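Structure assessment
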Amino acid sequence: MASGVSRLKEKGCIVTGAGAGIGLAVARAFASEGASVLVNDIDEDAAARAAASIVSDGGRAVSNAAPIGSVDSADALLEEALSAFGTVDVLVNNAGVLRDRMLHNMSEEDWDTVLNVHLKGTWACGRALVRHWRPLAKAEAEEGRVLHRKIINVASASGLMGAAGQSNYAAAKMGVVGLTKTWAKELGRLAINVNAIAPAALTNMIEPLLKDPDMAEKRLARFALGRYGTPEEIAPTFVFLASKDADYITGQVLCVDGGLVI
Ligand SMILES: NC(=O)c1ccc[n+]([C@@H]2O[C@H](COP(=O)([O-])OP(=O)(O)OC[C@H]3O[C@@H](n4cnc5c(N)ncnc54)[C@H](O)[C@@H]3O)[C@@H](O)[C@H]2O)c1
């Protein structure tokens, strides 16, 4: 599965929600750059298929079905990645769900489900990794070594501009932007870079939103490039932020969205 570049050689990476869509493309792109990847997804079969496809292409991957959204799942995820690879250097907080409703119709469950996966899940996974990384980074600093580690969160246009019908999702993603900026400030001195990507790609999450032709036309008209991207067009920016080339970038939200947010 070598791309010939190997920008993530010997890196251990965790990608949540990587059984499909953007997460799957990111896991595959990381593996093609030489990384060992823990492919997490609540859909156990999808996670297993994704990991198997990476392995059959010559890459290194294991699957994990922990439901993102709790401290226990986050700790289990880290344990499994460490026991499989011995190191974890990159965390991608990608797992996500939508429960779109206008405010007057939104149930408590719609709110809790979305906030739990996107916001608490991102917080819990970041916390688990940072608790593991802090002593390593401090020991390296004492030896005069600097080894960058990376957290890449997944934000959204909704989390930058708001979106009708998405008070749960917009609040969660705005919270993810808040975590990104706060962690960048907390963790920079430990050489932990924290950035977010706000993507737009045609995936299972988006397809239902384009079923109605009138709605689809209105949606696509908002993109400068006039279309949704593919997950494979989003993944290279994750590789870039995970790589050494981005060691001096932190606290940023990069829109990889065909000009949706300008
Ligand atoms: N596709 C877009 O245009 C777009 C735009 C903005 C933001 N995003 C964000 O990108 C991320 C990926 O979305 P996608 O479009 O690839 O969607 P997707 O539905 O194709 O993939 C999401 C994956 O997350 C998994 N998942 C859901 N809940 C989980 C949980 N609790 N634990 C573990 N896995 C879980 C799903 O099973 C699924 O495989 C999400 O955070 C989403 O909010 C996507």
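A quick note: this is a predicted structure, and the numbers were derived from the prediction, not measured. The residue numbers shown here count from 1 along each chain, following its written sequence. With pLDDT at 70 or above as the cut-off, local features in this predicted model cover only qualifying residues; side-chain atom pairs require 80 or more to be listed or tallied, and sums for whole chains, interfaces and linings still use all residues.

Let us now look at the sheet that holds strand 3 (residues 60–64). Note: strands within a sheet are paired through backbone hydrogen bonds, in either parallel or antiparallel orientation. Strand order across the open sheet formed by seven strands is 3-2-1-4-5-6-7, with parallel pairing between neighbours. The two strands at the open ends of the sheet, each matched to only one other strand, are strand 3 and strand 7 (253–256). For this sheet, the mean angle separating the axes of adjacent strands, direction not counted, is 20°. Here, any two strands with at least 2 DSSP bridges between them count as paired. Secondary structure elements are taken from DSSP: a helix is a run of H or I of four residues or more, a strand is a run of E of two residues or more, and numbering for both begins at the N terminus. Sheet topology places strand 1 (residues 12–15) next to strand 4 (residues 90–93); three bridges connect them, and they run parallel. Looking at the pairing, Ile14 lines up with Leu91 of strand 4. Packed onto the sheet, helix 2 (residues 44–56) meets strand 2 (36–40) and strand 3 and runs at close to 175° relative to strand 3. Helix 4 (residues 108–142) contacts strand 4, strand 5 (149–154) and strand 6 (192–199) of the sheet and is inclined by roughly 170° relative to strand 4. Angles run from 0 to 180 degrees between N-to-C directions of axes, and those axes are lines fitted to C-alpha atoms, restricted for helices to the stretch in contact. Here, residue contact means that the backbone-derived C-beta atoms of the two residues sit within 7 Å.

Now for the nonpolar core. Put simply, a nonpolar core is buried Ala, Val, Leu, Ile, Met, Phe, Trp, Tyr and Cys residues tied into one set by C-beta atoms within 7 Å. Residues are called buried when their C-beta atom has 20 or more other C-beta atoms within 10 Å, exposed when it has 12 or fewer, and partly exposed otherwise; all C-beta atoms are positioned from the backbone. One finds Val26, Ala27, Phe30 and Val37 to be the most contacted residues of the largest nonpolar core, which totals 70 residues. Element by element, the count of residues in this core is highest for helix 4, at nine residues. Each residue touching Val26, except ones within four places of it in the same chain, is listed here: Val15, Ala18, Val92, Asn94, Ala235 and Phe238.

For Glu10, which is not glycine, the phi dihedral falls at a positive 65°. Although it is not a glycine, Ala191 adopts a positive phi angle of roughly 60°. Within the secondary structure, Ala191 sits in the loop between helix 6 (167–187) and strand 6.

So, about the pairing of strand 4. Both faces of strand 4 are covered, namely the face carrying Val90 and Val92 and the face carrying Leu91 and Asn93. In this sheet, strand 5 lies alongside strand 4 in parallel orientation, the contact comprising four bridges. By the bridge assignment, Asn93 is partnered in strand 5 with Asn153. A crossover links strand 4 with its parallel partner strand 5, the connecting element being helix 4, and its sense is right-handed. When the strands point away from the viewer and the connection leading from the first strand across the helix to the second strand turns clockwise, the crossover is called right-handed.

We now examine the site of the ligand. Around the ligand, the structure places 29 residues, and the nearest of them are Gly17, Gly21, Gly96, Thr203 and Met205. Among the elements that take part in the shell around the ligand, helix 1 (residues 21–32) stands out by supplying three residues, more than any other. Ten residue types, Ala, Val, Leu, Ile, Met, Phe, Trp, Tyr, Cys and Pro, are classed as nonpolar, four, Asp, Glu, Lys and Arg, as charged, and the remainder, Gly among them, as polar. Across the shell around the ligand, the residue classes tally to 15 nonpolar, 12 polar and two charged. Any residue whose backbone-placed C-beta atom lies within 6 Å of a molecule or strand is treated as near that molecule or strand.

Geometric values such as these leave the question of function open.
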